[in-house]
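Summary of structural features
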Amino acid sequence: MGVTLLAANRLGEWELPLFVHVLGAMVLVGALVLAVVYLVPAWRGGSLEGATSGFRVLLYAALPSFIVMRVAAEWVADKEGYSDLPDDAIPDWIGIGYIISDASGLFLIISLVIGGFALRRARRDGGMGSASTRLATVLVSIMLVAYLVAIWAMTTKPG
Amino acid sequence: MEYVLLFHVLFAFCLVGTVVMYTAFALGGPATKQALFVGDRLWDVGGLGTLVLGIWLALDDYSLFDAWILIALGLWLVATFQGMQARFAYQPELAEGPGPPRATMFSPTTFHWLRTVAILLLLLDMIFKPWA
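Here, residues in each chain are numbered from 1, in the same order as that chain's written sequence. Chains carry letters and ligands carry numbers; both start at the beginning, A for chains and 1 for ligands, and go up in the order they are written. Two thresholds apply to this predicted model, a pLDDT of at least 70 for residue-level local features and 80 or more for giving and counting side-chain atom pairs, whereas whole-chain, interface and lining totals are computed over all residues. Only heavy atoms go into the side-chain values, all of them from the structure, while hydrogens and water stay out.

1. Description of the interface of chain A and chain B
Where we set the bar: Contacts were defined at the residue level, with two residues in contact if any of their heavy atoms lie within 4.5 Å. One side-chain nitrogen of Lys or Arg within 4 Å of one carboxyl oxygen of Asp or Glu is enough to make a salt bridge. Going along the chain from the N terminus, every DSSP run of H or I of four or more residues is numbered as a helix, and every run of E of two or more is numbered as a strand. In this count, Pro and Cys sit with the nonpolar residues alongside Ala, Val, Leu, Ile, Met, Phe, Trp and Tyr, while Asp, Glu, Lys and Arg are called charged and the others, Gly among them, polar.
Contacts between the two partners involve 31 residues from chain A and, on the opposite side, 38 residues from chain B. Counting across the chain A and chain B interface gives zero salt bridges. A per-element tally of the side of chain A that touches chain B places helix H2 (residues 15-45) of chain A first, with 17 residues. For the side of chain A that touches chain B, the per-class residue count stands at 23 nonpolar, six polar and two charged.

2. Thoughts on the packing of helix H1 (residues 2-26) of chain B against helix H5 (residues 108-128) of chain B
All names here are of chain B. We apply this condition: Helix axes are fitted to C-alpha atoms over the stretch in contact, other axes to C-alpha atoms as well, and angles between N-to-C directions run from 0 to 180 degrees. For any pair of crossing helices, the crossing counts as left-handed if the nearer helix is rotated counterclockwise from the farther one by less than a right angle, and right-handed if it is rotated clockwise.
Axis separation between H1 and H5 bottoms out at 10 Å; the angle between their running directions is 145 degrees. Classified by chirality, the crossing of H5 by H1 is left-handed. In this structure, H1 uses Leu15, Val16, Thr18, Val19, Tyr22, Thr23 and Ala26 to contact H5, whose residues at the interface are Thr109, His112, Trp113, Arg115, Thr116 and Ile119. The residue inventory of the contact of H1 with H5, partitioned by class, reads seven nonpolar, five polar and one charged.

3. Regarding the environment of B:Ala12
Tracing the backbone shows B:Ala12 in helix H1. A sequence separation of 95 residues divides B:Ala12 from B:Ser107, and the C-alpha atoms of the two residues are 26 Å apart. Those residues within four positions of B:Ala12 in sequence are excluded, and the remaining contacts are A:Met26 and B:Thr50.

4. Let's talk about the pattern of salt bridges
Pairing between side chains of opposite charge can happen when the charged atoms of each approach one another. Residue and element names in this part refer to chain A. To keep things clear, this is the line we draw: Summary of the burial criterion: residues with accessible area below 20% of their type's maximum are buried, those above 50% are exposed, and those between are partly exposed, where the area comes from a 1.4 Å probe applied to protein chains only.
One pass over the structure, following the stated rule, counts five salt bridges over all chains. The partner of glutamate 74 in a salt bridge is arginine 70, with the nearest N and O atoms 3.0 Å apart. Highlighted residues: glutamate 74 and arginine 70, both in helix H3 (residues 48-80), separated by four residues, approximately one helical turn. Residue class for glutamate 74 comes out partly exposed when judged on its relative accessible area of 34%.

5. Some points on the confidence of the model for chain B
All names here are of chain B. Where we set the bar: A residue's pLDDT is simply how confident the predictor is in it, with values from 0 to 100.
Predicted confidence across chain B gives a mean pLDDT of 88, with 91% of residues reaching 70 or more. Mean pLDDT in chain B bottoms out at helix H4 (residues 92-96), which sits at 67, and peaks at H1, which reaches 95. Across the predicted assembly, pTM comes out at 0.89 and ipTM at 0.90.

Set out below in structure tokens:
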């Protein structure tokens, strides 16, 4: 119900982009949680199946939802007129959102590249290296913490 | 109130997190013990949290009898029921103890997809606030 407050006092035309943005963000966070749930046991036990599932979730759920969330964020910013503002006039909470989404996008791509190479090597050699799984798990965990900060910024709107 | 809103939104993220996890299971991802545990706990915490804080926010800014709030409460009940059925379908031992699983006319994924639709409608209702 509180999400409604995010949309409070907004014109009808902003509701659709806001819905797409929030839905993309929610699916993205859920996908990251699931990836960690699969990757942590894979890191500890060297399970190829767990690592494969974790990287698949990143590829097929986290990446598309990240793109949806990010594109819809631009859509919302455009509708609200933030896109036309000079950099120093952009509210802090939007700046926080941009920094976190850009950095997490980079982390996501790095995790996917690491995972792709690790899985390829694992299929060839018959074992999953724990270093790549560990690194991907750490990156995804950092992204989750960053998104908690982003959710705080989007709802409390500091600055 | 902004921190009530923050936690309300975080709890909503938990609910969608469960939906994402069960969607992965429905599409063939491994429903491991850890994944089911995390998914179910997110649902428990998210369900209770969104309801309690949602009513708190509604009492503060709106009326509990606004159409979109009544719709939200109805959808929350539907999603909770379907969520319980999906949980029991994936973990029959939770519903009836040890023994062979109970026969059901619906597959586990049916309950999950019904819950997914309810959660999607809930989010639409939250943002579009029909008849507000």
